[in-house]
Amino acid sequence: MDYITRLSKLLLDKGTKALRVTLDDIHNPAKLPGILNAKKIELLKLKPLVINDTQWDLLFPPTGNPPDSKTFDVTLLSVLLRNICGLPHPKASIWKNMPPDKDRTKVANITRVRVFRNQVAHACPTEIDEAKFENLWQKISESLVDLKIPKQEIDDSKTSPLTTEEEIYVQNLKKIALQEEESKNMLDDLIAKVKRIEQQLSHNERKIDSVEEQRLRKFAKQEFRSLIRRKVQYFHPGTRDWLLKKVESWFTAGDESILLLITAGPGFGKSVFAAKLCDLFEEKNKLAACHFCEFLNSNLGDPVMLLESLASQMCENVPGYKEKLLDQLRRHNETGNLNETFQIYLQNPLDDLKGETRLIVIDGLNERASDDKNKMANLIARKFPCLSKCVKILVTSRPERDLQTLNCIQIVRIEEYKEENNSDLLQYLNDCLPSLAAKDEIDAPKHDHHHSIFLSAIVEKCEGSFQYAFHAQDELGKRKDLDTMTFEEILSFAPKGMDVVYEEYFDCLQAELEAVTNEKPDLLKLLELLVASETPIPLTFVARVLNLVPDSVEMRNIITQVNRAISCLLYVWDDLVTFSHNSIYDWLLGKGYCNLKYTVKISDSYNRLRQLCMQVVREIEDELRWGYEPNITSEVKYVMDFINDYEYLMARKTKIDNPMQPQTSQSVLRQREDVETIKSPEKAPNLSGKRK
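Residues numbered from 1 in each chain as written. Predicted model: local features only at pLDDT ≥ 70, side-chain atom pairs only at ≥ 80, totals over all residues. Heavy atoms only, no water.

**Here's the deal with the overall build of the chain**
Heads up, the rule is: Only DSSP runs of H or I reaching four residues or more are called helices, and only runs of E reaching two or more are called strands; each is numbered from the N terminus. Relative accessibility under 20% of the residue-type maximum defines a buried residue, over 50% an exposed one, and the middle range a partly exposed one, all with a 1.4 Å probe and only protein chains included. The Shrake-Rupley method, run with a 1.4 Å probe sphere, supplies the accessible areas, and residue values consider only the shown protein chains as cover.
Looking only at helices and strands, one finds 32 helices and 8 strands in the chain. Looking at the 692 residues of the chain, the share that counts as buried comes to 48%. Within the structure as shown, the chain displays about 35,000 Å² of accessible surface, and the carbon and sulfur contribution to it stands at 50%.

**Re unusual backbone geometry**
Backbone geometry at Arg240 places phi at a positive 65°, although glycine is not the residue there. In this structure Arg240 comes out as buried when scored by relative accessible area, which is 5%. Phi angles above zero are rare outside glycine, and Asn285 is one such case at about 60°. With respect to the helices and strands, the residue Asn285 is situated in the loop between helix H13 (270–283) and strand E2 (287–292).

**Description of the pattern of salt bridges**
Which entries qualify depends on this criterion: Here, a salt bridge means any Lys or Arg side-chain nitrogen found within 4 Å of an Asp or Glu carboxyl oxygen.
Taken as a whole and judged by the stated rule, the model has 23 salt bridges. In this structure, Asp327 engages Arg331 in a salt bridge whose closest nitrogen and oxygen atoms are separated by 2.9 Å. In this pair, Asp327 and Arg331 both sit in helix H15 (residues 321–331), 4 residues apart, roughly one turn of the helix. The exposure class assigned to Asp327 is partly exposed, which follows from its relative accessible area of 24%. A cluster of three or more residues bridged by salt bridges with shared partners is formed by Lys14, Lys17 and Glu153.

**Observations concerning the packing of aromatic side chains**
The cut-off we apply is this: Classification of ring pairs rests on two measures: the distance between centres of Phe, Tyr or Trp rings, Trp counted by its six-membered ring, which must be within 6.5 Å, and the angle between planes, read as stacked under 30 degrees, edge-to-face over 60 and tilted in between. Consider the ring centre and the ring normal. A charge sits over the ring if Lys NZ or Arg CZ is within 6 Å of that centre and within 35 degrees of that normal.
Taken as a whole and assessed by the stated rule, the structure comprises 13 aromatic pairs. Ring geometry for Tyr3 against Phe133: centres 4.8 Å apart, planes inclined by 25°, an arrangement best described as stacked. Taken as a pair, Tyr3 in helix H1 (residues 2–26) and Phe133 in helix H7 (residues 130–146) lie far apart in primary sequence, 130 residues in all. Ring pairing ties together the aromatic residues Tyr3, Phe133 and Trp137, which thus form one cluster. For Lys40, the ring lying beneath its charged end belongs to Phe60, and the centroid distance is 4.8 Å.

**Considerations on the side chain of His236**
Convention followed: Whether two residues touch is decided by their heavy atoms; if any such pair falls within 4.5 Å, the residues are in contact.
When you line up the elements, His236 lands in the loop between helix H11 (225–232) and helix H12 (241–252). For His236, a relative accessible area of 17% puts it in the buried group. Setting aside its immediate chain neighbours within four residues, His236 contacts Gln427, Tyr428 and Asp431.

**Overview of the packing of helix H14 (residues 303–317) against H15**
Defined as follows: Note on geometry: axes are lines fitted to C-alpha atoms, helical ones only across the stretch in contact, with angles between N-to-C directions running from 0 to 180 degrees. Working rule for angles: under 35 degrees goes down as roughly parallel, over 145 as roughly antiparallel, 65 to 115 as roughly perpendicular, anything else as oblique. In this classification, the charged set is Asp, Glu, Lys and Arg, the nonpolar set is Ala, Val, Leu, Ile, Met, Phe, Trp, Tyr, Cys and Pro, and all remaining amino acids, among them Gly, are polar.
Two numbers describe how H14 lies on H15: the axes approach to 7 Å, and their chain directions differ by 135°. Judged by the inter-axis angle, H14 sits oblique to H15. Across from Ala311, Met314 and Cys315 in H14, the residues of H15 making contact are Tyr321, Lys322 and Leu325. Of the residues contributing to the contact of H14 with H15, the split by class is 5 nonpolar, no polar and 1 charged.

**A look at the side chain of Ser157**
Checked against the element boundaries, Ser157 lands in helix H8 (residues 151–159). Apart from residues lying up to four places away in sequence, Ser157 is in contact with Arg6, Lys14 and Trp137.

**Comments concerning helix H28 (residues 602–625)**
Given 3.6 residues per helical turn, the α-helix brings residues three or four places apart onto the same face. Worth spelling out the cut-off: Multiplying 1.5 Å by the residue count of a helix minus one yields the expected span of that helix.
Taking 1.5 Å of rise per residue, the 24 residues of H28 would be expected to cover 34 Å, and the 35 Å separating its terminal C-alpha atoms lies within 8% of that figure. Three or more residues of H28 are buried, namely Ser605, Tyr606, Leu609, Leu612, Cys613, Met614, Val616, Val617, Ile620, Glu621 and Leu624. Residue Gly627 follows H28 closely and has a positive phi angle near 90°.

**Quick word on the sheet that holds strand E3 (residues 358–363)**
Threshold: A pair of strands is labelled paired if DSSP reports no fewer than 2 bridges between them.
Pairing within the open sheet is parallel, and its 5 strands lie in the order E2-E3-E4-E1-E5. Two strands lie at the open edges of the sheet, namely E2 and strand E5 (410–413), each paired on one side alone. Sheet twist, expressed as the mean angle between neighbouring strand axes with direction ignored, is 15°. Inspection of the sheet shows strand E1 (residues 259–263) paired to strand E4 (residues 391–397) by 5 bridges, in the parallel sense. Residue pairing in the sheet places Ile262 in a bridge with Thr396 of E4.

Quick look at the structure:
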């Protein structure tokens, strides 16, 4: 703990001083009030997302006193250096990543201090041993000395005694890193929204509310920025370099197929890699559009919605595309079949465009139910290779045959690159389990070879799966005696496979729920609901299954326990809960796994979900009968989506109020089904509980 405390203290105390000295060198403290007043309008644009109210009062004190840089915290100093000091633009790439060692410029050293600050803030105490501490201290010290911090002060910080109170430095460093990350995410979202608004206003000045514009605004545009940010966090630096090079080679080659298919089994990290590609190509301004087919969102598997979403994104990202699309919408009042929709929305507008090539990323083609998957796979396989070469399309999928039979598609099967994939896994485990890596270095000479013994054995157990590697290092990392365990003990302790991993996590959840509720819960009932639902289920459903009051201390404790015990399997947010990965859904249904303890029957799952929805419908009808308007909670919205028509239930109010025509919720839904079937058999409500 001393190592991480000393590093935290160095980065906060001397790092903050270094930024203050740099600011004072650029703007003389005596002239700072005038500089701030001259830049006040620019600084106002950063309030309150980047500069909060407290920091604003330090820049422009309400008392009328002049501002003093000695009162500025590290976050405020960083903001000022980026925005009012004539340094590179705040969005420039130099501020984002660790600069090369040879770059000793002022901006590079400021960036190094920030990157090191985040690294230390996110590090576990066990990750920093003496060797790593010395290495970090030297690199941080060099940057601080370059920023005019006396070396003697730095050396004194390394040797001076630590008190128990100084452990607060660790918490303060983590708090600053978290605040910066949250501010950055909020600012990115705001910038994206402002950009869209500006583009819309600019167009409206030329042409206001044309029929085509109105039609375009109704396109089903999907936003994946937060999803990409979340998945990119799981991308491990130094891995997948070989695959990135293959993608770059394909993208830049003029004579290659415009469609690249990357296949791999579950847990190989396809979606994380797709998100990383989106991040990299967006940074280079070469991302045309992206689409992630999440297995619990049926809308994302609709081929028409895919085309609309891609078209909407390219209106913003591909110069000239929007004008070409609007021209197509003027020529075609309606779209007929899927082929015609593809031609109007994508093919024709792109045929008329010239310019540098941009990338379209479509992830998780296999995530959809069979009907939608087949339609989308057929559309991509038959039509997308015909698109103009101003775009190239990268698709990720499991190794299924939907796309692989066509000659016009270039395919990279990750399973065929076992050596490269295992090297990535070894790199990941080496960084996550440094004590095992150290054991390998010690034991390697005894075995007369130079590769890892312990880590290589774990890599073999991974069978190519990063998902297994994540769970294995997570469990091994909890062992305090890891550095003294024998080879046999480590292999015995490592999970036998994903079946064992999942079962142990759900056993843990069962125990945590039992501790909270003081009775043995029927976990299978909850799992059945999650399997049957195509979308995340409301947390109130969890409360109903466990016989708890929804907004109660017990329920809040359960949410905490789920996040703490198996956050890697179940994901809880915005009063909703769902699986974190498609393979968990497959495991619960026994698809390709040996799960016996928690296997659920799909028919039982649908019936349980339908019964629960019917219970909520009856409660809503009772409220309507007594003259109350139902509160539109996430539970009510979910149930109304399940029976396909919320407006219908609201219209039922007049009939329910009439005592001469009593009806039950069963008859209401049965009537609704009959009426819709007569109007359009294809649009009958999903009362059978079966997935569409």
